[in-house]
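# Per-entry structural report
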Amino acid sequence: MLMVALFAITATPLLAQQGLTPDYDEWEEVAERVEALSVDPQATNAELSKARDTISEWREDLQPAQNVNADRIATVRNQIEALGAAPAEGETEDADIAARREELNEQLSEAQAPRLAATQAASRASSIIAQIDEVVRRRQALALAEQTESPLLPSSWTAALVDGYELLEGVGAEASLQGASADIWEQVRPKLPLAGAYLVAALLLLTFGRMWITSLPSRLSARATSYSRAVLAFVVSLGQIAIPMAGVYLAISAIQATGLPGPWTTPFLNALPVAAIILFGGIWLARAIFPREAIAYNTLHMKESARVSAAHMVSVLACIMTVHHILTRAVLPLSGLYERGEAQVGRVPMVFSDAAAGVWHSIMIVLAGLAMFRLGNILRRLTRDSITQDLAYRHWIVAWAGELTRIVPIIAIFAAALGYINVANLFVWPWLLSLALIGTLILLQDFIADVFNMLQRGAEGARDGLAPLLIGFALVVLSVPLFLYIWGASLEELGEYWISFRSGVSLGGITLSPGAIITFLIVFSIGYGLTRTIQGAFRTSILPKTKLDPGGQNALVSGLGYVGIVLASVMAITSAGIDLSSLAIVAGALSVGIGFGLQNIVSNFVSGIILLIERPVSVGDWISAGGQQGIVKRISVRSTQVETFDKTEVIVPNSDLISQPVTNWTRHNKVGRIIIPVGVAYGTDTRKVERILREIIEDQAMVAIDPPPSVLFRGLGADSLDFEIRAILADVGAGLGVTSDVLHEVVRRFADENIEVPFAQRDIWLRNPEALTNGPKPEPEGPSSTRKHDPGLTFDDADDATGLPDTGDGDR
């Protein structure tokens, strides 16, 4: 198997290098014939499908030829580049070089010729396929829009009863063996034991097996751990589909083993497997999304009564859709999208009239519409009647789907009443399948989150991690082809979409394809990982052994990170085959945007680079900038993170650290000076004060000896004799602590030496002192005053011109 895989991988490139080319003459004949067929209105869909398959095979054969002579072309191009740039218009070059350049250009044209021919042929093949698909889609649209007799007409009901009776008569006659030969039982009797064994096994699985598997999840989850309960319940619950399906398969096998089914019953048997999936899958979805009792948690937050009603409606819709599938596959025409492909092959040997089919379709559409409308009413209230306000995005999606589930049946019933049965079927059944797919995606996303929760043993936040989110998003993306298929896209059209997707899209001269994107991501991830590894090695092993300070080490590590990311990006772009020259226009457009809208961001980025190179500020420095003081914790490309002394984080734009004044208290060392003002009362011996203060400051352990601390008599203040203690500390970060210790000691020593620390006095003049005692107002003889000393006040108030008493806090 390994050799086969290796051959499959290498065969196409090897064949391309050997220069094997298709027969283009035969291709021209085939292409012309199919092009004529695609414009022929008499061509049947079967003929068009066969012609399309032929063109698709030719396109696959042409694909390797588009890469032929790859090595030769690369060699010749390198030789041409080695000659240098071609001379500009009006200029000349050496004759030998010109002759060699002309020879190489001829070789390049010769080597590229098979490629160009294959590319043109493949492009023509794609155009023919697109033309055929357009013809088929147009015919399907006309068929879907076909109008028949209204099912409301009495004649339509008469036709429905007549055709229905004919169907029952034919099936009943075959089932009762009417017209069978006399020796039929002789042929059936040897097969009865095998058929009986199949039938018994089927009955056991459909009865006891189904009941057992239905109760198994709750019984097993009771013994499971809290973090594995949801995964176990989901996996085991899938048996609710598998075991009944096995029972249905055995029942079909039991009937077919007898050899009795004929043309009237075989179409029903052939439709049963898919019908069983619809039935049991719908019931499983109802129980999983709307459980009566949640095993681990509720997928959707809703009231219990609403959950029970929704589960019942989903089960009813599963039953109706099962009946619809059996009848449309075995009997009824006008089944909308079910008519595509081989749907009409293998039906019963009678043809239902359009009027009769319209009646039977309308009955199922009305029944399904009633259940859909009720289900839509429940789902649309999901966001309004939820028992919690913390709703995930799925609740809004389901509520939106509920709104549409109310509208779709109204449109379908109205269309069916007018006779547009195909249109009505087109609305109802694909929408139900879309709802089922949405529910399945929700359950799979929960299952993935539960798996991660189980692997991490219930760690906090495991279900809401990034990995489950990305995998869930990938599932949504992968489900897009399923949605397209549900709504009418054929497998051939999906194949064309995939081919276009693989070819990529062109944006500004740059072609982006899945292969190029994956290559870019892989190469960039490897480069990014190597960059982080080198940064870690420098940070932990190399730089600590050097004499670089921590700020310089951080700058070097950050610089390595920027250089590594740039190199990883360039290598990834080059490996993905993206032409960097094509980015010139994009870069020009970005420069305009930078000049107008991104100038602040670019300014901060450039300032960050300057900070890392010049290092006026480093990690660990105590700085003061923009009215904030603190310790630098991190310097990034755009901003610098500063932690203040009250442990709050301040983000300072890098441009502010470059363009505005910044005080760095610890740039080269931690040495710094503190100044402590001290005041004493007038009349105190100043020399004695100076001696005491000098003794206090010299006793501090953090104070440097060289230069020694100094005590200065700074001035004669309004209330005190002003002194200053100035000292150099070994660590200026301890300045507050040293200041506090010094002041404590000053107070103690001044108390011991009977040195008074002055305090301010305030004189308050009251114009009406009698108002304070509610006494009689004296005759005005002149300004009266009462003097009151308040040691806590420091200024004098003038007379109050209003004559009102002071009722404030001392200012008035």
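Keep in mind that what you see is a predicted model, and the values were worked out from it rather than measured. (Residues numbered from 1 in each chain as written. Predicted model: local features only at pLDDT ≥ 70, side-chain atom pairs only at ≥ 80, totals over all residues. Heavy atoms only, no water.)

Assigned secondary structure in the chain consists of 25 helices and 10 strands. When burial is assessed residue by residue, the chain has 36% of its 812 residues classed as buried. Sequence separation of at least 24 residues holds for 71% of the intrachain contacts in the chain that already meet a minimum separation of 6. (Helix = DSSP H or I, 4+ residues; strand = E, 2+ residues; numbered from the N terminus. Buried < 20%, exposed > 50% of the residue type's maximum accessible area, 1.4 Å probe, protein only. Contact = heavy atoms within 4.5 Å.)

Reading across from one edge, 8-10-9 is the order of the 3 strands in this open sheet, with antiparallel pairing throughout. This sheet does not close on itself; its edge strands, each paired only once, are strand 8 (672-680) and strand 9 (710-716). If you compare each strand with its neighbour and ignore which way they point, the axes differ by 25° on average. When strand 9 meets strand 10 (residues 721-729), the two strands line up antiparallel, connected through 6 bridges. What sits directly across from Leu712, in strand 10, is Glu724. Its contacts with the sheet place helix 24 (residues 686-698) against strand 8, strand 9 and strand 10, and it is angled at close to 25° to strand 10. Across the face of the sheet, helix 25 (residues 735-752) comes into contact with strand 8 and strand 10 while running at roughly 25° to strand 8. (Pairing = 2+ DSSP bridges. Axes fitted to C-alpha atoms, helices over the stretch in contact; angles between N-to-C directions.)

This part covers the packing of helix 3 (residues 45-65) against helix 5 (residues 95-144). One can describe the packing of helix 3 onto helix 5 by two numbers: an axis separation of 9 Å at closest approach and a directional angle of 155°. As summarised for this structure, helix 3 and helix 5 are arranged roughly antiparallel, according to the angle between their axes. The handedness of the crossing between helix 3 and helix 5 comes out as left-handed. (Parallel < 35°, antiparallel > 145°, perpendicular 65-115°, else oblique. Left-handed = near helix turned anticlockwise from the far one by under 90°.)

Inspection of the entire model under this criterion finds 6 aromatic pairs. Seen from their ring centres, Phe520 and Phe524 are 6.0 Å apart, and the 5° between their planes marks the pair as stacked. Note that Phe520 and Phe524 are positioned in helix 19 (residues 514-542) at a spacing of 4 residues, about one turn of the helix. Look at Phe520 and you get partly exposed, because its relative accessible area is 27%. Seen from the ring of Tyr297, Arg463 lies directly overhead, with NZ or CZ sitting 4.6 Å from the centre. (Phe/Tyr/Trp six-rings, centres within 6.5 Å; stacked < 30°, edge-to-face > 60°. Lys NZ or Arg CZ within 6 Å of the ring centre and 35° of its normal.)

For the rest of this paragraph, the subject is the confidence of the model for the chain. Interpreting fine coordinate detail is not advised for predicted regions of low pLDDT. On average, residues of the chain carry a pLDDT of 81, and 84% of them reach 70 or more. Of all the helices and strands in the chain, helix 1 (residues 2-18) carries the lowest mean pLDDT, 38, while helix 13 (residues 354-380) carries the highest, 94. Low pLDDT, under 50, characterises residues 1-19; the stretch is placed with 11 contacts to residues that sit more than four places away or in other chains. Taken together, the stretch residues 781-812 has pLDDT below 50 and engages in 57 contacts with residues farther than four places along the chain or on a different chain. (pLDDT = per-residue confidence, 0-100.)

A separate point is the nonpolar core. Phe290, Val428, Trp429 and Leu432 are the most contacted members of the largest nonpolar core, which totals 57 residues. For this core, the secondary-structure elements that each account for two or more residues are helix 6 (154-175), helix 11 (266-289), helix 12 (304-330), helix 13, helix 14 (393-417) and helix 15 (421-455). The biggest single contributor to this core is helix 13, with 12 residues. With 21 residues, the next largest nonpolar core counts Ile697, Ala727, Leu729 and Val738 among its residues. (Core = buried A, V, L, I, M, F, W, Y, C linked by side-chain atoms within 4.5 Å.)

With that settled, consider a negative patch on the surface. A cluster of acidic side chains, namely Asp23, Asp25, Glu26, Glu29 and Glu32, defines a negative patch on the protein surface. Take Asp23: it is sitting in the loop between helix 1 and helix 2 (24-38). (Patch = residues over 30% accessible without salt bridge, like charges linked within 9 Å, V, L, I, M, F, W, Y side chains within 5 Å. Areas by Shrake-Rupley, 256 points an atom, 1.4 Å probe, with all protein chains shown as cover. Salt bridge = Lys/Arg side-chain N within 4 Å of Asp/Glu carboxyl O. Lys, Arg positive; Asp, Glu negative; His and termini not counted. Charge placed at Lys NZ, Arg CZ, Asp CG, Glu CD.)

To continue, consider the layout of surface pockets. By volume, the second largest pocket amounts to about 820 Å³. As for the second largest pocket, its lining consists of 30 residues, and the residues nearest its centre are Arg287, Ala288, Pro291, Glu293 and Ile295. Looking at the lining of the second largest pocket, the elements with two or more residues in it are helix 8 (192-221), helix 9 (229-237), helix 11, helix 12 and helix 15. The greatest single-element share of the lining of the second largest pocket, amounting to 5 residues, is contributed by helix 11. (1 Å grid on protein atoms, 1.4 Å probe; cavity = no way out; pocket = protein on both sides within 12 Å on 5 of 7 lines; lining within 4 Å. Points joined across faces, edges and corners; volume = space filled by probe spheres on them.)

With that settled, consider the sheet that holds strand 6 (residues 649-653). The antiparallel open sheet is built from 5 strands, whose spatial order is 6-5-4-3-7. Two strands close off the open sheet at either side, each with one partner strand: strand 6 and strand 7 (663-664). In this sheet, strand 6 lies alongside strand 5 (residues 639-643) in antiparallel orientation, the contact comprising 5 bridges. Bridge pairing in strand 6 places Glu643 opposite Glu649.

With the rule as written, the count across this model stands at 25 salt bridges. Of the charged contacts in the structure, one is a salt bridge between Arg101 and Glu93, with a shortest N-O distance of 3.0 Å. The closest approach of N and O atoms between Arg714 and Glu724, which form a salt bridge, is 3.5 Å. Here Glu724 lies in strand 10 and Arg714 lies in strand 9, a separation of 10 residues in the sequence. Residue classification places Glu724 among the buried positions, given a relative accessible area of 16%. In the salt-bridge network here, residues are joined through shared partners; they are Arg52, Arg59, Asp133 and Glu496.

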